[in-house]
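Tertiary structure, described
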Amino acid sequence: MRILVLGGTMFLSRAVAADAVARGHDVTCAARGESGSVPDGARHVVLDREAPDWSGLEGEWDAVVDVARTPSWVANALDHLADAHWTFVSTISVYADHATPGGTPETLPLLPPITEDVEQDTAEKYGSSKVACEQDVQARAREALIVRPGLIIGPGDPSGRFSYWPERLAEGGDVLAPESPDRDTQAIDVRDLAAWIVTCAEKRLTGVYDASGAVQRLGDLVDQVAAAVGGDAQVVWAPADFLLEREVTYWAGPRSLPLWLPEDARGMTSHDVSASFAAGLSTRPIGETAVDTLAWLRENPDAHRTGLSRAEEQDLLDDWYVVRG
Ligand SMILES: NC(=O)c1ccc[n+]([C@@H]2O[C@H](COP(=O)([O-])OP(=O)(O)OC[C@H]3O[C@@H](n4cnc5c(N)ncnc54)[C@H](OP(=O)(O)O)[C@@H]3O)[C@@H](O)[C@H]2O)c1
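The structure displayed is predicted, hence computed values, not measured ones. (Residues numbered from 1 in each chain as written. Predicted model: local features only at pLDDT ≥ 70, side-chain atom pairs only at ≥ 80, totals over all residues. Heavy atoms only, no water.)

The helix and strand inventory of the chain stands at 10 helices and 15 strands. The C-alpha atoms of the chain give a radius of gyration of 20 Å, which matches the 20 Å a tight globule of 325 residues would have. Along the first, second and third principal axes, the C-alpha atoms of the chain reach 70 × 40 × 35 Å. Within the span of the chain, comprising 325 residues, buried residues form 52% of the whole. When contacts within the chain are restricted to residue pairs at least 6 apart in sequence, those whose partners lie at least 24 apart make up 73%. For the chain, the exposed surface amounts to about 13,700 Å²; the carbon and sulfur share of it is 49%. In the chain, which carries 27 positive and 52 negative side-chain charges, the distance between the mean positions of the two groups comes to 3 Å. (Helix = DSSP H or I, 4+ residues; strand = E, 2+ residues; numbered from the N terminus. Rg over C-alpha atoms; globule rule 2.2 N^0.38 Å. Buried < 20%, exposed > 50% of the residue type's maximum accessible area, 1.4 Å probe, protein only. Contact = heavy atoms within 4.5 Å. Areas by Shrake-Rupley, 256 points an atom, 1.4 Å probe, with all protein chains shown as cover. Lys, Arg positive; Asp, Glu negative; His and termini not counted. Charge placed at Lys NZ, Arg CZ, Asp CG, Glu CD.)

This is the structure we're talking about:
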């Protein structure tokens, strides 16, 4: 197949291109080249979607994969490339309901679309912009597949959220963890998601799918990561009120405990993805993702990190030992 990846120089879109090359497809990546290089075996066409010149991308494409977040970028690409199977990589941030567990594309309401290009400085603006992109693809592409991933993890992750855990657990000692091992979590290895996207293009699958791994207990994820990376980590769970009183934040960013979510966002990590598995998605064990992520972090010491600093974590642990008695 002739596959055009709009992107291809970092993380998911690069993994899609790499997987498609490995399967013997004819792969072109269109991007500026500022985020990295395209994988070996793929052709790179320089494209700046702020001022796109499509002249190097003429011809017929069997499949297009787009990861854009900006409605005008998607609209412009569709003006030139709509006559193909299109996979638009969206996000579960398109949903207006993040509280209800077990949601699917059929059961969860969407945010209203924002069709103009806006600064995506909130999760809602990001989600609404993606809704507009999705709707344009569905209206105009010859065959449209909308893939809505949850948290994407693994080697090359620019966000550092999952990466915090293999790196921290491998260091060992007492490791502070948020709230309860019984909270749900859900994530997908970037390589598994990429492989499924290529499979879907091969099968010309259409429709709308959430894409994530199986729901698991946060405690099981931490235990599996710890077992995979080795070391002598002892996990210490501290309750939410203790953490919040000390200004520890959810999910990501400075002074956060990554992957921790408030109770009213528990739907984000408990999507029912059985339809995606039925459509060919398969996922590797989280321990394998952890080992590969840790190896990548060690090879890339400047990769973005997030979460508590070690000093912050030690202060919190010292405080918790006193509080719990
Ligand atoms: N990370 C998560 O946990 C998560 C969760 C749910 C959904 N998602 C979705 O998953 C996808 C991730 O895609 P990704 O890993 O490829 O990262 P991305 O940050 O969404 O896209 C990066 C790609 O876009 C290209 N790009 C950026 N600016 C450009 C411009 N002006 N002109 C042309 N190309 C440009 C970059 O290439 P150059 O910079 O080289 O031009 C790069 O190849 C996104 O759709 C995201 O919304 C992510």
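On to the site of the ligand, then. Taken together, 28 residues lie near the ligand, and Thr-9, Ser-13, Arg-32, Ser-35 and Tyr-126 sit nearest. Within the contact set of the ligand, an oxygen atom lies 2.7 Å away from a backbone nitrogen or oxygen of Leu-12. Between Arg-49 and the ligand, the recorded distance is 2.8 Å, taken from a backbone N or O atom to a nitrogen atom. Elements represented by at least two residues in the shell around the ligand include exactly helix H1 (11-22), helix H3 (123-140) and strand E7 (151-153). Sorting elements by how many residues they give to the shell around the ligand places H1 first, with 3 residues. Of the residues assigned to the shell around the ligand, the class counts are 12 nonpolar, 9 polar and 7 charged. (Near = heavy atom within 4 Å. Polar contact = N/O pair within 3.5 Å; in protein donor to acceptor, adjacent residues only side chain to side chain. Nonpolar A, V, L, I, M, F, W, Y, C, P; charged D, E, K, R; others polar.)

Applying the stated rule across the entire model yields 27 salt bridges. Residue Glu-313 pairs with Arg-168 through a salt bridge whose shortest N-O separation is 2.7 Å. With Glu-313 in helix H10 (residues 310-324) and Arg-168 in helix H4 (residues 164-171), this pair connects stretches of sequence that are 145 residues apart. Residue class for Glu-313 comes out buried when judged on its relative accessible area of 2%. Taking the shortest distance from any N to any O, the salt bridge between Glu-179 and Arg-183 comes out at 3.0 Å. By relative accessible area, Arg-183 is classed as buried at 13%. (Salt bridge = Lys/Arg side-chain N within 4 Å of Asp/Glu carboxyl O.)

What follows concerns the sheet that holds strand E6 (residues 143-149). With parallel pairing, 7 strands are arranged side by side in an open sheet as E3-E2-E1-E4-E5-E6-E11. This sheet does not close on itself; its edge strands, each paired only once, are strand E3 (43-46) and strand E11 (207-211). Between one strand and the next, the sheet's axes are offset by a mean angle of 20°, whatever the strand orientation. Bridging between strand E2 (residues 26-31) and E3 involves 4 bridges; their strand directions are parallel. Of the residues in E3, the one forming a bridge with Ala-31 is Val-46. With respect to the sheet, helix H2 (residues 71-81) is in contact with strand E1 (2-6), strand E4 (63-66) and strand E5 (85-89), its orientation differing from that of E5 by roughly 170°. (Pairing = 2+ DSSP bridges. Axes fitted to C-alpha atoms, helices over the stretch in contact; angles between N-to-C directions.)

The subject of this paragraph is the packing of aromatic side chains. Given two aromatic rings, their pairing is described by the distance between the two centres and the angle made by the two planes. Summed over the entire model, instances satisfying the criterion amount to 4 aromatic pairs. Ring plane angle 80° and centroid distance 5.0 Å describe the contact between Tyr-164 and Trp-165, whose orientation is recorded as edge-to-face. For Tyr-164, a relative accessible area of 4% puts it in the buried group. (Phe/Tyr/Trp six-rings, centres within 6.5 Å; stacked < 30°, edge-to-face > 60°.)

On to empty space enclosed by the protein, then. With the rule as written, the count across this model stands at 1 cavity of 30 Å³ or more. If you add up the space inside the largest cavity, you get close to 70 Å³. Together, Arg-183, Asp-184, Leu-218, Leu-259, Trp-260, Leu-261, Arg-266 and Thr-269 line the largest cavity. (1 Å grid on protein atoms, 1.4 Å probe; cavity = no way out; pocket = protein on both sides within 12 Å on 5 of 7 lines; lining within 4 Å. Points joined across faces, edges and corners; volume = space filled by probe spheres on them.)

Burial of E4 is two-sided: the residues Ala-63 and Val-65 facing one way and the residues Val-64 and Asp-66 facing the other way are all buried. Across 4 bridges, the pairing between E1 and E4 is parallel. Bridge assignment links Leu-6 to a residue of E4, and that residue is Asp-66. As judged from the 4 bridges shared by E4 and E5, these two strands associate in the parallel manner. Bridge pairing links Ala-63 to His-85 in E5. Viewed along the sheet, the connection from E4 through H2 into E5 turns out right-handed. (Right-handed = clockwise from strand over helix to strand, strands pointing away.)

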